[in-house]
Structures are given as C-alpha cells and as structure tokens.
Amino acid sequence: MSASAKKVTRNKVTYLEAISQAIHEEMMRDEAVFLLGEDVGTYGGAFKVSTGMLEEFGPERIIDTPMSESAIIGSAIGAALMGMRPIAEMQFIDFITCGFDQIINMASKMYWRSGIPVPMVIRGPSGGGTKGGPFHSASPEAWFFHTPGIKVVVPATTYDAKGLLKAAIRDNNPVLYLEHKLLYRMPELREELPEEDYIVPLGKAITRREGENITILTYGAMVHQCLKAAQTLEEEDDLQVEVIDLRSLAPLDYEAITASAKHTNKVLIVHEDTLTGGIGAELAAILAEDLFEYLDGPITRVAAPDAPFPYAPALEAAYLPNAEKILAAARKLAAY
Amino acid sequence: MSREALLQIYYYMRLTRAMENRTRTLFLQGRVVGGVYTGQGHEATTVGAATMLRVDDCIVPQHRDLGMHLVRGVSPRAVMDQWLARGNSPTLGRDGQLHIGDIHHGVVPSISMLGESLPVACGVALTMKMRKRATIVLAPCGDGATNTGPFHEALNFASVQKLPIVYLIENNGYAYSTPTYKQFAIEDLSDRALAYGMPGESVDGNDVMAVVEAVGKAVQHARSARGPALVECKTFRVRGHSEADKADYVPQQLRDEWLAKDPIARFEVYLTKKHSLTSAEKAEIEAKVKATVDDAVNFAEQSPAPDAGTVAKYVFAPDGPIAIVGEPGAQDQRYVNAQDSRTGQPFNTIVQFNSPVEAQFNAPEGVVGQR
C-alpha cells in the first residue's frame, strides 16, 4: 500500500483516494491512530476507503466491528480517553443516529466535565444525489453543529478532503468529518496533491471565487453548484459573486464570513441540508445581529425543503438545491 | 485474603455508608443543590468487586458505585465538593453526583444515561489489548441498564474482540420504580452471558465474601486474555431511586427480608466470628470513618462556588501532544492530558485532595495490591 500510495500522490487522485491517503499517512505517522467500523477490514469499507489497510496494519488497528454504532463510537471514546486517536467510520452517515447518545452525552461533554480530552474522529459518507433515499442521503451537520463540544468539518475538494481529515485526526477533540459520497469519485475533483505532509486547519474558511456584488456562504458538495451558478451570473448578468467555502462548520470562521459580507453587502446562504434550523439559520442570525447596517438586501437561503430525503429521481432532483435554484435566488437578491 | 485486607474492605464499606448518610443529611438540609442517588445496600458489591483489582486496572463506575470510587482512592473531599457543586470539584461545578474520574488512576467518569458507559469500557479495554497490557476493566451496571441497546452492543463486541472486561451487574430489584419482572423474563441476569459467549455467575451481592470470590474468578479470566466475564450480584436498593423517591412501591415484606441481610452487619458478624474483630478495632474504624467524612464535608463547605465568569469555558481541549495513558512518561507535563488542562493543575479527583485522615489510616494500594 505504501508504494502505491506514493505513486498516486504524483498523479491526480480522487476525493476518496485523498481520504484514504490521510488515514494511511496518519496511521504511519502515529501509532495511536486506528480505524474501526463495519466492513472496514476485509471488505475495505462499503466505499473502499480502507482497501488494503487490514493487510498493512493488521486486525488490531483496522477493526471490523459488529453492526453496533453505539459500540463503535463508545469504544472510540474509551480509547480516546486513554490517549489513542481512533477514527470511527459510519458506513453511511445516516446510521450515526444509532450512536447519537455516545456523541451528544458522552463525547461532547467529557472534556468540559472532566478535563480528559477525547481526541477522535467520526467520519462517514453523507449527502444525497445518489438515489440513496431517506436512509442513505443524510446531511446530519445541524444536529451536531448545535452541540457544544463537537467540531464539524465538511470538505468540498480533494485537497481539503485530505488536509481536513489529517487536521481532524490530530485535533484533541471529537471531530465529525462529513465526506460527501457524490464527490468520492467525481472526475472533475481529481487533483494532484502535495508530496509533503500538509493539513487544512479546522475553523478556517476559504474564498473559492472572489467578487463584489454578492457573497455566497456554502460548504460541501454545494460549493460546486455555487461556483457553477457564480460563473453563469458573471457571464449572463455581469455579477461578480464571491463564493466562501466554510470548510469547518464548528468552529465557524467568523472573520471570513463577516469580512466578505461587509465587502459585498448581500449574502446568499446555500446548503444541501433542510432549511429550518439548518446552518444557514445560524449564519443569517450572525449577519443580522452583527452586520445589520452593512446589508443591502435580505439574507437569503437556498436549502432542501423541510421534508425527509426522497428516493425517486424526480423527487430527488426537486429536493436538492442546484445551480439553477441558486441562480434564481441570487438574481432576486441582486435586484435589491 | 489477609485479615488486614478484610478489615480494609470493612472500612471502605463503612466509609461508603457513612459518606452517603451524610450526603443525605446535606440534601435534607438543602445544601446539596441537585438530586442525590445512593448505593445503600450495595456496599458489599461495590467495595468487594473493586478490591479485586490491581492499581493499573480501570473502573467505569456508575451512580451507585461510591464504594468502588473510594477503594480506587477517589478522595472523599472531591466527592463532597461534587455534591455541593464547588468550584474546585473534579467537574469544576459543571456536573454533579459521582460523575467524576481520573483516567491516569483508572476511573472513567460516567453519565446519567445508564448503559452508555459499557461501550466506553470496551474502548479502554481495547487500548489495553492493543498495548499488550495485563490490565483489565471493571464495568458495572444496574439491572435497568441491562435492558439498553448499548449493554448488548458492548457485551457482544467485547466478547468478539476478547476484551479484558469484567461486567458486574448490580441487580437491586428495581429500575427506579420498575421491578425486575417488568424488565426481563429471566431469573438470573447472568444467563445473558451465555448469549455473548462469556462465563457468567450470579451471587448474593450482600455477601462480600461471595462477591470477592466470584469477581476474583472473573478478573482472573479476563486477565488471562480469555475475554470478558460477567458477574450478577443480587442486592437491594435500600433508598429510593433518588432521595426524591419514597420507594413506597417496594413491598414491606421484601424490604424487611433484605434489610435483615444488610451487607455491613453481615460482614461484621463474619469478621467477629472468623477473624475476631474486636470492639476496639471496630471503634477505631468508626472513628476514622467519622473523621474522614467530617473532613470531607468541612473541606467542601469551605470550598468556593465556581466562578460564574467561566460558564462558557472549557468546551474544547487545547492543542498539543496527547500521551497514551499508562505508558512510561504519560504524566509528563508536556502532554495535554497529563494534568487538568482546564485549570493547569493536577487532576483533583484522586491526587490533590488526599485527605490526611485517609492517608494516615491506609493507602488504598494496601487492598488494591493484594492480588
């Protein structure tokens, strides 16, 4: 694996390969790092993130578990208390609900209560667009975003997928790492990654496109839909749209958010998760509270409707935000 | 087991009872700010089981396990600080009850969601296994917690992974007001062990010698890398679920039967008959217990309330290297988890508040190091 891993760094790799590289390199670098989850060993994971790792690291560090999310997450917490740095894989992030209590009541409050750090990562495929239906398409970030003591990161690019995961593994707190399954093997996201070790720090947003007419705040797979819309807005409407990829939801990059909003004076918020009580609601509240005098138009949100995630292609297409919906909302906002 | 060790068990049983009696008084006086949950009646189980561990082992105690805490060396001062919500309590006033711990001394803090600590115990044991240690985890829970999903997930996973864990079920007959016959349709909870492929045994949890023997066997099994083992201790919850609960749903006859089997009185009879416990020794132990409890309460009463200005602090641990607990140098100051990074001081569950009274009488290692 190490030979092949070296070889692929010289070529363009996928978002999924970047995740594999991050796990592999961190396990090579630090003996405290290990992976546990359903089918991660012999099978290499449902999406093949850990292919070959069982052979390389052995069954004590690549642990196939029973179908027991509480045991997976709870064991990760126990090991983290002991100073290990476990990575707990949720086969699909939807199943994180089966281990919810371990995250909300055990992991998130532990350091605050006891002073004992819980350095662990929970990661898994999130998001829709793959005809996964109501139980394989979740965007669970808002549940955890609301919980003090959990960090939440959402990589949108191949570079970030690797750098954010490495930073998450090295962090001394529980970090929820939400990889988007639609991006796993997307050819457009293939990227040549640095040969040398790097991280993308938690809590730092990045400007994906600069502009002065409208700010779009977004994250995850929606970054790409927003960039598409921004391109159209430039070509057809002569609007310069600034696209901010939040990368970390907790902690939020307050500086980047407010700096861009002050610059453009109009903010559109886009996320794949449902509207009510989503990340956008908090972003809107921050903007309304702190930047009221800077805003020249209504803070606008584009998100999935307040309904569970549907299965049929026609319903899924209607449900998910996309470049067209973003375009329409941006044009309405630009008119102010 | 030596006479000295038996006397220590007796001391810790008495100390546990006395600490809880005093806590109840403080509660009735309105000095404990929240609910009070005691393990009165469980003393043989909690003290007996914890006595069978070595220094490097770990406990994952629950809300009625004060006896285990005390045997492990948890400071009575820290316990009283916690009940009185003092600023220098192990949780800095952020949590109450016995939700305290110090991982360097093998005590994992619990939460109110009973059963959820059992998967966490798996992670501690998994680390011991990965680091090739001969240490084990003692993971207790009540009869109520055996009906949760995490109980099943944890015991199953532990058995599959052959983790060094002793599961101790403290079956006290009630989950809050719900009697066991409304909770499960089996007579002995140790039967559940069979389903997970581990040895299980049910014993009289009010007979400390029976507890010591059964847990001792289970510890030996777990320590020899043969996987987890389960012991059910049948006991009785003398008080209500909390002090807000009169427990008038417990039939008087049942209560009388159990009260006649009080674990401390029984052990006293045993010690007197078999080991000639003298009234002078008893008086000495009583005096030490009283002095320890008084010291703890006085200390807590004089301790400051938390600084309200810190209310939003300590949500996240700082950056920096983390030591693997139990490895040489793990308590080196350069590690974030070597001490309490919230305060920059050593963890105060065990280390800082060692009562002089306690130290004078006997260090907990005296018992813990027996086996």
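Note that the structure is a prediction, hence the values are computed from the model and not measured.

Chemist: Any details on the overall build of chain A? Residues and values, ideally.
Modeler: Scanning chain A from terminus to terminus reveals twelve helices and 14 strands. For 336 residues, the compact-globule estimate of 2.2 N^0.38 gives 20 Å, and chain A sits close to it at 20 Å. Based on the C-alpha atoms only, the size of chain A along its principal axes is roughly 60 × 45 × 40 Å. The buried share of chain A, reckoned over its 336 residues, is 57%. Summarising the internal contacts of chain A: among those between residues at least 6 apart in sequence, 79% fall at separations of at least 24.

Chemist: Tell me about the domain arrangement of chain A, and please be specific about residues and values.
Modeler: By convention, interface size is frequently given as the accessible area that disappears when the constituent parts associate. Looking at the assigned domains, one finds that chain A contains domain 1 (2–192) and domain 2 (206–334). Once you take the C-alpha centre of each, domain 1 of chain A and domain 2 of chain A turn out to be 26 Å apart.

Chemist: Let's hear about the nonpolar core: which residues, and what values?
Modeler: Core analysis: the largest hydrophobic core is formed by 207 residues, its most contacted members being A121, A139, I165, V166 and V215 of chain B. When residues of this core are assigned to their parent elements, the largest contribution, nine residues, is made by helix α1 (residues 3–28) of chain B. Counting contributing residues per domain, this core is built from domain 1 (2–192) and domain 2 (206–334) of chain A, each supplying no fewer than three. Residue contacts for A121 of chain B: discarding those within four places in its chain leaves G78 of chain A together with V60, V137, A139, A154 and I165 of chain B.

Chemist: How would you summarise the sheet that holds strand β12 (residues 248–250) of chain A if you had to cite specific residues and measurements?
Modeler: All names here are of chain A. One open sheet holds the seven strands; their spatial order is β3-β2-β4-β5-β7-β6-β12, and the pairing between them is mixed. One side of each edge strand has no neighbouring strand; the edge strands of this open sheet are β3 (62–64) and β12. In this sheet, adjacent strand axes meet at a mean angle of 20 degrees when their direction is disregarded. Sheet topology places strand β2 (residues 33–37) next to strand β4 (residues 85–89); five bridges connect them, and they run parallel. Residue pairing for β4: V33 is matched across the bridge by R85.

Chemist: Please provide a residue-by-residue account of the interface of chain B and chain A, values included.
Modeler: The interface is formed by 45 residues belonging to chain B together with 33 residues belonging to chain A. For the side of chain B that touches chain A, the secondary-structure elements that each account for two or more residues are α5 (117–130) and α6 (149–160) of chain B. In terms of residues, the side of chain B that touches chain A owes the most to one element, α5 of chain B, which gives nine residues. Counted by class, the side of chain B that touches chain A contains 28 nonpolar, ten polar and seven charged residues.

Chemist: Kindly report on helix α10 (residues 263–275) of chain B, identifying the contributing residues and their values.
Modeler: All names here are of chain B. Over its 13 residues, α10 extends 17 Å from the first C-alpha to the last, a length consistent with the 18 Å expected when each residue adds 1.5 Å. Buried residues of α10: P263, F267 and L271, and no others. Projected down its long axis, α10 carries its buried residues within an arc of 70 degrees, all on one side. Exposed side of α10, more than 90 degrees from the buried face: A265, V269 and K273 are the residues found there. Buried residues along α10 sit against α1, α2 (43–51) and α8 (208–223). Just downstream of α10 lies S276, where phi reads positive at about 45 degrees.

Chemist: Outline the sheet that holds strand β11 (residues 241–245) of chain A, listing residues and values.
Modeler: All names here are of chain A. Strand order in this open sheet of five strands is β9-β11-β10-β13-β14, and the pairing throughout is mixed. In this open sheet, the two strands that pair with only one neighbour each are β9 (206–209) and β14 (300–304). When the angles between neighbouring strand axes are averaged without regard to direction, this sheet yields 25 degrees. In this structure, β9 lies alongside β11, joined through three bridges in antiparallel fashion. The residue bridging I206 from the neighbouring strand is D245, located in β11. Here helix α8 (residues 222–237) sits on the sheet in contact with β9, β10 (214–218), β11 and β13 (267–274), set at roughly 170 degrees to β11. Across the sheet, helix α10 (residues 279–290) lies against β10, β13 and β14, angled at about 155 degrees from β13, the strand it touches most.

Chemist: Give a description of the pairing of strand β7 (residues 229–234) of chain B that names residues and reports values.
Modeler: Residues and elements named next belong to chain B. Of all six residues in β7, six are buried, a share of seventy percent or more. Burial along β7 is two-sided: A229, V231 and C233 facing one way and L230, E232 and K234 facing the other are all buried. Across six bridges, strand β3 (residues 165–171) lies against β7 in parallel orientation. Opposite E170, over in β7, you have C233 as the bridge partner. Here strand β6 (residues 200–204) runs beside β7; their pairing, made up of five bridges, is parallel. Counted as the bridge partner of S202 is E232 from β7. Once the chain exits β6 it traverses α8 before rejoining the sheet at β7, and the crossover so formed is right-handed.

Chemist: A description of the pairing of β13 of chain A should follow, citing residues and the corresponding values.
Modeler: All names here are of chain A. Most of β13 sits inside the fold, with seven of its eight residues counted as buried. With three bridges connecting them, β10 and β13 associate as parallel partners. Bridged to T215 within β13 is V267. Bridge analysis of β13 against β14 gives four bridges, and the strand direction is parallel. Bridge pairing links T274 to A304 in β14. The β-α-β motif built from β13, the intervening α10 and the parallel element β14 has right-handed crossover chirality.

Chemist: Outline the confidence of the model for chain B, listing residues and values.
Modeler: Residues and elements named next belong to chain B. Taken as a whole, chain B shows an average pLDDT of 93; of its residues, 94% reach a score of 70 or greater. Confidence drops under pLDDT 50 across residues 352–371; counting only partners more than four residues distant or on other chains, this segment forms 40 contacts. For this predicted complex, the interface score ipTM comes out at 0.95, while the overall pTM is 0.95.

Chemist: Summarise helix α12 (residues 323–334) of chain A; cite the residues concerned and give the values.
Modeler: Residue and element names in this part refer to chain A. Taking 1.5 Å per residue as the helical rise, α12 with its twelve residues ought to reach 16 Å, and the 16 Å between its terminal C-alpha atoms agrees with that figure. Within α12, the full set of buried residues consists of I326, L327, A329, A330 and L333. Buried residues belonging to α12 abut β10, α8, β11, β13 and β14.

So, how was this worked out
- Residues numbered from 1 in each chain as written.
- Chains lettered and ligands numbered in written order.
- Predicted model: local features only at pLDDT ≥ 70, side-chain atom pairs only at ≥ 80, totals over all residues.
- Helix = DSSP H or I, 4+ residues; strand = E, 2+ residues; numbered from the N terminus.
- Rg over C-alpha atoms; globule rule 2.2 N^0.38 Å.
- Buried ≥ 20, exposed ≤ 12 C-beta atoms within 10 Å, placed from the backbone.
- Contact = placed C-beta atoms within 7 Å.
- Domains from an automatic or database assignment.
- Core = buried A, V, L, I, M, F, W, Y, C linked by C-beta atoms within 7 Å.
- Pairing = 2+ DSSP bridges.
- Axes fitted to C-alpha atoms, helices over the stretch in contact; angles between N-to-C directions.
- Nonpolar A, V, L, I, M, F, W, Y, C, P; charged D, E, K, R; others polar.
- Expected span 1.5 Å × (residues − 1).
- Arc of directions from axis to C-beta.
- Right-handed = clockwise from strand over helix to strand, strands pointing away.
- pLDDT = per-residue confidence, 0-100.

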